[in-house]
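Listed below, chain by chain, are the residues.
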Amino acid sequence: MKVNLISLLISIVSMIQLVFIIYQIVNYITPPVTINGHRYMLTSNILKSISYSFSLSVMIFFITRKVIKRRRSR
């Protein structure tokens, strides 16, 4: 139980950080600027960053769980 809780906390913190980082990367690749040069909030960039960071945080959860269990068994 404690292993899962620690892994969950690590993955939540990493997801929060990854949302910000991936959003910046996606905005750099596809900038939300009109033809006139006005900036706007592109919802698809937000959804992309949330979905990518969620999938990465799930992988981080399982990896940290394996690492913690392996270290505890030694």
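Quick caveat: nothing in here was measured; it's all calculated off a predicted structure.

All right, on to the packing of aromatic side chains then. Using the criterion set out here, one finds one aromatic pair in the structure. Aromatic side chains F61 and F62 sit 5.3 Å apart centroid to centroid with 70 degrees between the ring planes, which places their arrangement in the edge-to-face category.

Right, let's get into helix α1 (residues 2-29). The terminal C-alpha atoms of α1 lie 40 Å apart, and with 28 residues this matches the ideal 40 Å at 1.5 Å per residue to within 8%. Among the residues of α1, V3, S7, S11, S14, L18, I22, Y23, V26 and N27 are the ones counted as buried. The inward-facing, buried residues of α1 abut α2 (43-73).

Next up on the list: the side chain of T64. Within the secondary structure layout, T64 lies in helix α2. In terms of polar contacts, T64 uses its side chain to reach the backbone carbonyl oxygen of F61, at 3.0 Å. Discounting residues that sit within four places of it in the chain, T64 has contacts with S7 and I10.

The rules we used
- Here the residue numbers are simple positions, counted from 1 along each chain's written sequence.
- Residues qualify for local features only when their pLDDT is at least 70, as the model is predicted, and side-chain atom pairs are given and counted only at 80 or more; totals for whole chains, interfaces and linings, by contrast, use all residues.
- Hydrogens and water are ignored here; the side-chain numbers use all heavy atoms of the structure.
- Aromatic contacts are taken between Phe, Tyr and Trp rings whose centres are within 6.5 Å, Trp giving its six-membered ring; a plane angle under 30 degrees counts as stacked, one over 60 as edge-to-face, and the others as tilted.
- Only DSSP runs of H or I reaching four residues or more are called helices, and only runs of E reaching two or more are called strands; each is numbered from the N terminus.
- By definition here, a helix of n residues has an expected span of 1.5 Å times n minus one.
- Categorising residues by exposure relies on relative accessible area from a 1.4 Å probe, with only protein chains included: less than 20% of the type maximum marks a residue as buried, more than 50% marks it as exposed, and the intermediate range marks it as partly exposed.
- Note on contacts: a residue pair is in contact if any heavy atoms of the two residues lie within 4.5 Å.
- What qualifies as a polar contact is a pair of N or O atoms within 3.5 Å, subject to a donor-acceptor requirement within protein and to the restriction that residues adjacent in sequence count only when both atoms come from side chains.

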